[in-house]
Amino acid sequence: GAVVSQHPSRVICKSGTSVKIECRSLDFQATTMFWYRQFPKQSLMLMATSNEGSKATYEQGVEKDKFLINHASLTLSTLTVTSAHPEDSSFYICSANTVKQSTDTQYFGPGTRLTVL
Amino acid sequence: QKEVEQNSGPLSVPEGAIASLNCTYSDRGSQSFFWYRQYSGKSPELIMFIYSNGDKEDGRFTAQLNKASQYVSLLIRDSQPSDSATYLCAVKAYSGAGSYQLTFGKGTKLSVIP
């Protein structure tokens, strides 16, 4: 299957700081990338859909000024959590569509575990 | 509001048995259906996808889709302890403006007992 990487895999930061998470598609071009958040024992919740070269589309209840998404190329999308607070601590996962297959399957990155102290 | 429902479990089966995981969805316009496996602390891993009514087999896994009943299932034959994980059902439907959205169920936790 297609490979999606994320960096960093784990980050601990102080309340009020900003954290940037990178998502890369390694062996395919991803016109669309998705950002999810998963709290313990909860399901994946879509935060936003990121299309290359355009503004991200945010799901209801997700603050676009707090969660900044940039999708500058077909292989890279970034999520910046600005002024992070302890309630932002979660598992953040990106995924990307591969356009080379007719199945249009989403492949997930390994995730980034954010802990805000 | 698109909904995907799964029994949260845990579902416990003995090693070598067949595990049956079920999922229902609310949006009749849904077009494709995916099963992901998620180990604790890890991100989801795609197991199978299915688009058409009927069965689709891949190794020990069989996905079954019944669009009339809005029901999709995953059978795992000869279950192994390494199959113990949370299984997520995901449904893709058109969300407007030329894009599609994947909606996840909350997952079913499977435990395979040696």
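Note that the coordinates shown come from a computational prediction; the quantities given were computed from them, not determined experimentally. Counting starts from 1 at the beginning of each chain's written sequence and moves along it residue by residue. Lettering of chains starts at A and numbering of ligands starts at 1, both following the order in which they are written. Restriction of local features to residues with pLDDT of at least 70 applies here, the model being predicted, together with a cutoff of 80 or more for giving and counting side-chain atom pairs; totals for whole chains, interfaces and linings are based on all residues. Where side-chain values are given, they derive from all heavy atoms of the structure, hydrogens and water being excluded.

**Some remarks on the pattern of salt bridges**
Residue and element names in this part refer to chain B.
Then, in step 1: We define a salt bridge as a side-chain nitrogen of Lys or Arg found within 4 Å of a carboxyl oxygen belonging to Asp or Glu. Under the defined criterion, the tally for this structure stands at five salt bridges over all chains.
Then, in step 2: Taking the shortest distance from any N to any O, the salt bridge between D83 and R60 comes out at 2.9 Å. One end of the pair, D83, is in the loop between β8 (71-76) and β9 (85-96); the other, R60, is in the loop between β6 (54-58) and β7 (61-66), with 23 residues separating them in the sequence. Going along the chain from the N terminus, every DSSP run of H or I of four or more residues is numbered as a helix, and every run of E of two or more is numbered as a strand.

**Describing the side chain of K66(A)**
Residues and elements named next belong to chain A.
Then, in step 1: Checked against the element boundaries, K66 lands in the loop between β6 (57-58) and β7 (67-73).
Then, in step 2: Here a polar contact is recorded for every N or O atom pair within 3.5 Å, except that within protein the pair must consist of a potential hydrogen donor and a potential acceptor, and residues adjacent in sequence are included only if both atoms are side-chain atoms. A polar contact is formed between the side chain of K66 and the side chain of D88, at a distance of 2.9 Å.
Then, in step 3: Contact between two residues is taken to exist if any of their heavy atoms lie within 4.5 Å; hydrogens are not considered. Once residues within four sequence positions are removed from consideration, K66 is found in contact with T80, V81, T82, S83, A84, H85 and D88.

**Here's the deal with the state of the cysteines**
By definition, a disulfide links the sulfur atoms of two cysteine residues through a covalent bond.
Then, in step 1: Working definition: a disulfide is two cysteine sulfur atoms within 2.5 Å of each other. All chains considered together, the criterion is met by two disulfides over all chains.
Then, in step 2: Paired by a disulfide, C23(A) and C94(A) hold their sulfur atoms 2.0 Å apart. Note on the C23(A) and C94(A) pair: the S-S dihedral is about 80°, so by sign convention the disulfide is right-handed. Placement of the pair is C23(A) in strand β3 (residues 19-25) and C94(A) in strand β9 (residues 90-97), with a sequence separation of 71 residues.
Then, in step 3: A relative accessible area of 0% places C23(A) in the buried class.
Then, in step 4: Two residues share a disulfide in this structure: C23(B) and C89(B), whose sulfurs sit 2.1 Å from each other. Every disulfide takes its handedness from the sign of the S-S torsion; for C23(B) and C89(B) that torsion is -70°, giving left-handed. One end of the pair, C23(B), is in strand β3 (residues 19-25); the other, C89(B), is in strand β9, and 66 residues separate them in sequence. For the pair C23(B) and C89(B), one class covers both residues: buried. Relative accessibility decides the category of a residue: with a 1.4 Å probe and only protein chains considered, values under 20% of the type maximum give buried, values over 50% give exposed, and everything between is partly exposed.

**A short note on the sheet that holds strand β1 (residues 4-6) of chain B**
Residue and element names in this part refer to chain B.
Then, in step 1: Two strands make a pair as long as DSSP finds a minimum of two bridges between them. Strands sit in the order β1-β3-β8-β7-β6 across an open sheet of five strands; the sheet is antiparallel. Whereas interior strands pair on both sides, the edge strands pair on one side only; in this sheet they are β1 and β6. Here the average twist between neighbouring strands, direction ignored, is 20°. Throughout, an axis means a line fitted to C-alpha atoms (over the contacting stretch in the case of helices), and angles, computed between N-to-C directions, take values from 0 to 180 degrees.

**With respect to the packing of aromatic side chains**
Two aromatic rings are characterised by how far apart their centres lie and by the angle between their planes.
Then, in step 1: Each Phe, Tyr or Trp ring, with Trp reduced to its six-membered ring, pairs with another whose centre is within 6.5 Å; inter-plane angles below 30 degrees give stacked pairs, above 60 give edge-to-face pairs, and intermediate values give tilted ones. Across all of its chains, the model carries 10 aromatic pairs over all chains by this definition.
Then, in step 2: Where F108(A) meets F104(B), the ring centres are 5.8 Å apart and the plane angle is 65°; that geometry is what we call edge-to-face. Of this pair, F108(A) sits in strand β10 (residues 106-108) while F104(B) sits in strand β10 (residues 99-104), which puts the two residues in different chains. The same class applies to F108(A) and to F104(B), which are both buried.
Then, in step 3: With 6.3 Å between their ring centres and 45° between their planes, F34(B) and F49(B) make a pair best called tilted. Taken together, the residues F34(B) in strand β4 (residues 32-38) and F49(B) in strand β5 (residues 45-50) connect sequence positions 15 residues apart.

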